[in-house]
Amino acid sequence: MTAASAPAPSREAPSREEWIAKARTLSEALPYMRRYSGKTVVVKYGGHAMGNQELAKRFASDIVLLKQVGIYPIVVHGGGPQIGQMLDRLNIKSTFVDGLRVTDKATMEIAEMVLSGSINKEIVALINDEGGDAIGLSGKDDDLIEARKVTRTKRDPDSNIERIVDLGFVGDPFRINPGLLMKLRQADIIPVIAPVGIGEDGETYNINADTAAGAIAAAVGATRLLLLTDVAGFLDKDKNLVPSLSVEAAKAAIADGTAFGGMIPKLETCIEAVEGGVEGAVILDGRVPHAILLEIFTEGGAGTLVGRK
Ligand SMILES: Nc1ncnc2c1ncn2[C@@H]1O[C@H](COP(=O)(O)OP(=O)(O)O)[C@@H](O)[C@H]1O
Ligand SMILES: CC(=O)N[C@@H](CCC(=O)OP(=O)(O)O)C(=O)O
């Protein structure tokens, strides 16, 4: 671990108004610190949210801050755009069905290399640089994420016949074995997990990172699931941010097409997490500096909260 040194105190005094605003923010955070102390928060860090170095550093320092105030963070990361860039370089075409990448053998190899390799280690290094103790894992380590092949059906608009779409090595988590995560928690280590699963047949499966994060959040009894992305949250038909959404409204948004593409697995994940016992699942704007702190430690939050009601 590289311990982050505390910034040298600035001798330039802020104005009285700035002091008051800072003090108010800190005192407002206190009840939230108490409320979340000892609780687990699963944070999904999306590939789109990773683009900017400054934001990535802030993300890592927010994760370390959560840990320092007694919250247990678990990071699950994506890397869709980064997998896409590597596939482009290798001239391998990629298609998506309902936000899921159709994954043949070659695509699986690249996806695993990018997710469990470069991206995973980059995030671990960022957190360690900010003074945390992070360790990188793939869902295959200690059989953390056991997965089964996903199939989807699609109605052909011409014939109106429903057809099975084979997505290849796309998996859905069917069992999470959280034993290792519990040991890491006791050792004060922050897990950073790549969304790759292991099948009963020993095959490797590519899992949508939102789906993996939701399954882990439910399995460890997380209080909050935060999905960091590159939009303000869930937007309605008029492109207005929806601050909170019931499970029923989230289901309706998928059914009527208000949610499409990558938003479908996000909402499905929020629904499953909440139905699986997670108190609240939030789709958060990762482009906002310190979005995680705003969500956890302030009244309003910073995205769309999917809750039971
Ligand atoms: N109703 C909606 N509100 C907001 N975004 C939506 C909606 N429906 C579809 N989307 C799309 O979902 C995308 C977020 O999913 P995705 O690209 O998979 O993000 P990430 O890589 O962060 O997981 C948005 O960029 C947007 O294009
Ligand atoms: C099956 C499937 O679609 N897997 C995703 C895994 C990465 C991911 O989900 O990354 P983001 O969160 O950045 O989109 C993929 O191959 O892109």
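Note that the coordinates shown come from a computational prediction; the quantities given were computed from them, not determined experimentally. (Residues numbered from 1 in each chain as written. Chains lettered and ligands numbered in written order. Predicted model: local features only at pLDDT ≥ 70, side-chain atom pairs only at ≥ 80, totals over all residues.)

S.K.: I would appreciate a short explanation of the sheet that holds strand β8 (residues 190-194) in the present structure.
M.R.: Backbone hydrogen bonds hold the strands of a sheet together, and the pairing may be parallel or antiparallel. Strand order across the open sheet formed by eight strands is β5-β8-β2-β1-β11-β13-β14-β12, with mixed pairing between neighbours. Strands with a single pairing partner mark the edges of an open sheet, and in this sheet they are β5 (134-138) and β12 (244-246). Going across the sheet, the axis of each strand differs from the next one's by a mean of 20 degrees, ignoring polarity. Sheet topology note: the strand β2 (residues 72-77)/β8 ladder contains two bridges and is parallel. By the bridge assignment for β8, Val76 is matched with Ile193. (Pairing = 2+ DSSP bridges. Helix = DSSP H or I, 4+ residues; strand = E, 2+ residues; numbered from the N terminus. Axes fitted to C-alpha atoms, helices over the stretch in contact; angles between N-to-C directions.)

S.K.: Explain the pairing of β8 here, please?
M.R.: Each regular strand displays side chains that alternate between the two surfaces of the sheet. Burial analysis of β8 places five of its five residues in the buried class, the great majority of the element. Judged by which residues are buried, β8 turns out to be covered on both faces: Ile190, Val192 and Ala194 on one side and Pro191 and Ile193 on the other are all buried. Two elements, β5 and β8, share five bridges in a ladder whose sense is parallel. In the sheet register, Ala134 faces β8, and the bridge partner there is Ile190. (Buried ≥ 20, exposed ≤ 12 C-beta atoms within 10 Å, placed from the backbone.)

S.K.: Got a minute to help me understand the UniProt feature "site: Transition state stabilizer" (unreviewed entry) in the protein in this structure?
M.R.: Taken from the UniProt record, the annotation "site: Transition state stabilizer" (unreviewed entry) applies to Lys44 and Lys266. Spanning 223 residues, the annotated positions come together in the fold, the maximum distance between their C-alpha atoms being 10.3 Å. Looking at the secondary structure, you find Lys44 in strand β1 (residues 40-45). With residues near it in sequence (within four places) discarded, Lys44 still touches Val76, Gly78, Ala209, Asp210, Ala213, Leu226, Leu227 and Leu228. Take Lys266: it is sitting in helix α8 (residues 263-275). For Lys266, a count of 31 C-beta atoms within 10 Å translates into the label buried. When residues no more than four places from it in sequence are discounted, the contact partners of Lys266 are Asp210, Leu227 and Ile283. (UniProt positions renumbered as here; feature names shortened; annotations may be inferred. Contact = placed C-beta atoms within 7 Å.)

S.K.: Looking at this structure, I do not really get helix α6 (residues 209-219). What am I missing?
M.R.: Here α6 lies mainly inside the structure; 10 of its 11 residues are buried. Burial in α6 covers these residues: Ala209, Asp210, Thr211, Ala212, Ala213, Gly214, Ala215, Ile216, Ala217 and Ala218. Looking at the residues trailing α6, positive phi occurs at Gly221, about 65 degrees.

S.K.: Would you mind going over the site of ligand 1 with me for this structure?
M.R.: Around ligand 1 there are 18 residues in total, and Gly46, Thr229, Leu235, Gly262 and Met263 lie nearest to it. Looking at side-chain class alone, the shell around ligand 1 contains seven nonpolar, 10 polar and one charged residues. (Near = placed C-beta within 6 Å. Nonpolar A, V, L, I, M, F, W, Y, C, P; charged D, E, K, R; others polar.)

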